[in-house]
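Working through the structure, step by step
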Amino acid sequence: MRPPTHFGNDITNTEANGDEQQNNQNNQNNNGGGNNNNGGGGNNTDFIVERLTQMGATMMFPKIAGRGIIRVVERCDDAKENSNLDLSECELIQVPDAVYHLMRHTELKSCDLSGNVITKISPKFAVKFSLITDLNLSHNQMSKLPDELADLQSLTTLDISHNSFITLPTVVFKMPNLRELRANNNAIIDIDRDEIIASDSLELVDLRHNPLTPMCHDLLKHAHVSFRIELSEREKEEWEDLII
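Each value, and the rule that gives it
- Residues numbered from 1 in each chain as written.
- Predicted model: local features only at pLDDT ≥ 70, side-chain atom pairs only at ≥ 80, totals over all residues.
- Heavy atoms only, no water.
- Phe/Tyr/Trp six-rings, centres within 6.5 Å; stacked < 30°, edge-to-face > 60°.
- Helix = DSSP H or I, 4+ residues; strand = E, 2+ residues; numbered from the N terminus.
- Buried < 20%, exposed > 50% of the residue type's maximum accessible area, 1.4 Å probe, protein only.
- Core = buried A, V, L, I, M, F, W, Y, C linked by side-chain atoms within 4.5 Å.
- Contact = heavy atoms within 4.5 Å.
- Salt bridge = Lys/Arg side-chain N within 4 Å of Asp/Glu carboxyl O.
- Pairing = 2+ DSSP bridges.
- Axes fitted to C-alpha atoms, helices over the stretch in contact; angles between N-to-C directions.

The subject of this paragraph is the packing of aromatic side chains. What the rule picks out here adds up to 2 aromatic pairs. Summarising the aromatic geometry, the rings of Tyr 100 and Phe 129 are spaced 5.4 Å apart at their centres and angled 45° between planes, so their arrangement reads as tilted. With a gap of 29 residues between them, Tyr 100 in helix α4 (residues 97–102) and Phe 129 in the loop between α5 (124–128) and β3 (134–136) connect regions that are remote in the sequence. Summarising the burial analysis for this pair, Tyr 100 and Phe 129 share the class buried. Counting every residue linked through ring pairs, the aromatic cluster contains Tyr 100, Phe 125 and Phe 129.

Right under this line is the structure:
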């Protein structure tokens, strides 16, 4: 069981990687000529532990840190150079507090959190990354978004596809400059049509591969809006083919 730290509670799904971590430890011992982790000089895990300690960890991390944690720290360092934070496929279940700490002096342009197991986004996200224009939350396990994301004044592209939304979160209609919304491959059944029509900034809303009700599908298909709505062809229910 991993010790709690200020790096963020349960930031990565590393428990399932115990065997892999043990193999990494064995490989490091072999590469070090039989030396243990305290010898042999600076390896990647020593570097990660040192960085975590500098960030205010209250307990020492194991010498063999999870691969997900290593990727997070390395990609935060990359983002300081290109202003694009790519945390895709890092086994995250939330955005760790340490990421906000590492990025505190960087004005990010985009953030990619796709391909993780994230269930929710903290309200602080909009405060810490207020200048991003592109946010990718696809391929996670989210079903809602915090209202604070409406404060992302510069956001133009939002991807929430391949998640667990059953309705479009109302906050997407409050983002003042959002032009492209990708919400395909969710579990969306119905949509507040009045809200989607009221948006002045949207250019594209992708709602393909959602189980929309027949009424909602028809309303959206024939809606007179200034932007494009992408819909999958609706499959008729069995009872609709019955002749009475």
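Below, the discussion takes up the nonpolar core. Residues Leu 85, Leu 113, Phe 125, Leu 145 and Leu 158 are the most contacted members of the largest nonpolar core, which totals 51 residues. Among the elements of the structure, α3 (67–82), α4, α5 and α7 (214–221) are those that each provide at least two residues to this core. Not counting residues within four places of it along the chain, the set of residues in contact with Leu 145 comprises Leu 137, Leu 158, Ile 160, Phe 165, Pro 169, Val 171 and Val 172.

Moving on, we get to unusual backbone geometry. Phi angles above zero are rare outside glycine, and Ser 83 is one such case at about 65°. Relative to the helices and strands, Ser 83 is located in the loop between α3 and β1 (84–86). Residues other than glycine seldom take positive phi values, yet Glu 89 does so here, at roughly 55°. With respect to the helices and strands, Glu 89 occurs in the loop between β1 and α4. Taking the relative accessible area as the measure of exposure, Glu 89 reaches 58% and is therefore exposed.

This part is about the pattern of salt bridges. Counted according to the given criterion, the structure contains 10 salt bridges. Between Arg 182 and Asp 206 there is a salt bridge, with the nearest N and O atoms lying 3.3 Å from each other. With Arg 182 in strand β5 (residues 180–182) and Asp 206 in strand β6 (residues 204–206), this residue pair connects regions lying 24 residues apart in the sequence. Each of Glu 180, Arg 182, Asp 206, Arg 208, Arg 228 and Glu 230 takes part in one network of salt bridges that share partners.

The subject of this paragraph is the sheet that holds β1. Pairing is parallel in the open sheet, where 7 strands are placed in the order β1-β2-β3-β4-β5-β6-β7. Either end of the sheet is taken by a strand with one partner, and the two such strands are β1 and β7 (228–230). Each adjacent strand pair in this sheet contributes to an overall mean axis angle of 5°, direction not counted. Pairing between β6 and β7: 3 bridges, direction parallel. Bridge pairing links Val 205 to Ile 229 in β7.

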